[in-house]
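Given next are the chains, with one letter for each unit.
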Amino acid sequence: DADTLPPAVRAKGQRTYRSITVDHEAVEFSEGFTDLHTETYRDILSGGGYRLSDARPAIELVHRIRHAALSNDRQHVHPLVASLRTAP
């Protein structure tokens, strides 16, 4: 949702924003993903690619996240999520 992008990102006309905070230091990595899928498909078509065993940990993690209990802990909410208005 473009409304949740940081104002500086919206001002540049970016449609995505990727960042992670590690040891209280923000790392922004929105750039460089434009051709990622194309390069991955080229690798697959040339005989490379990934096996199910490569994807399994990610699939298992997503499954655990999707089935995890929701939390109302407002102290550990991502700042962009905290800025959203909640329904009454």
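Located above this text is the structure these notes cover.
Conventions used here
Residues numbered from 1 in each chain as written. Predicted model: local features only at pLDDT ≥ 70, side-chain atom pairs only at ≥ 80, totals over all residues. Heavy atoms only, no water. Salt bridge = Lys/Arg side-chain N within 4 Å of Asp/Glu carboxyl O. Helix = DSSP H or I, 4+ residues; strand = E, 2+ residues; numbered from the N terminus. Buried < 20%, exposed > 50% of the residue type's maximum accessible area, 1.4 Å probe, protein only. Patch = residues over 30% accessible without salt bridge, like charges linked within 9 Å, V, L, I, M, F, W, Y side chains within 5 Å. Areas by Shrake-Rupley, 256 points an atom, 1.4 Å probe, with all protein chains shown as cover. Pairing = 2+ DSSP bridges.

1. A short note on the pattern of salt bridges
Inspection of the entire model under this criterion finds two salt bridges. We note a salt bridge from E39 to R42, for which the minimum N-O separation is 2.7 Å. Remark: R42 and E39 occur in helix α2 (residues 36-45); sequence separation between them is three residues, near one turn of the helix. Under the relative-accessibility criterion, E39 is labelled partly exposed at 42%. Relative accessible area serves as the criterion here: at 51%, R42 is assigned to the exposed category. In this structure, the salt-bridge partner of E60 is R56, at a minimum N-O distance of 3.0 Å. Taken together, the residues span about one helical turn, with E60 and R56 both in helix α3 (residues 52-66) at a distance of four residues.

2. Some thoughts on a nonpolar patch on the surface
A cluster of nonpolar side chains, contributed by I20, V22, V27, F29, F33 and L36, occupies part of the molecular surface with about 480 Å² of accessible area. Tracing the sequence through the fold places V22 in strand β1 (residues 19-22). A relative accessible area of 43% means that V22 is categorised as partly exposed.

3. Structural notes on the pairing of strand β2 (residues 25-28)
Where β1 and β2 come together, four bridges link them in antiparallel fashion. Looking across to β2, one finds that V22 is bridged to E25. Remark: two residues form the turn of the hairpin made by β1 and β2, two consecutive strands paired antiparallel; D23 in that turn has positive phi of roughly 50°.

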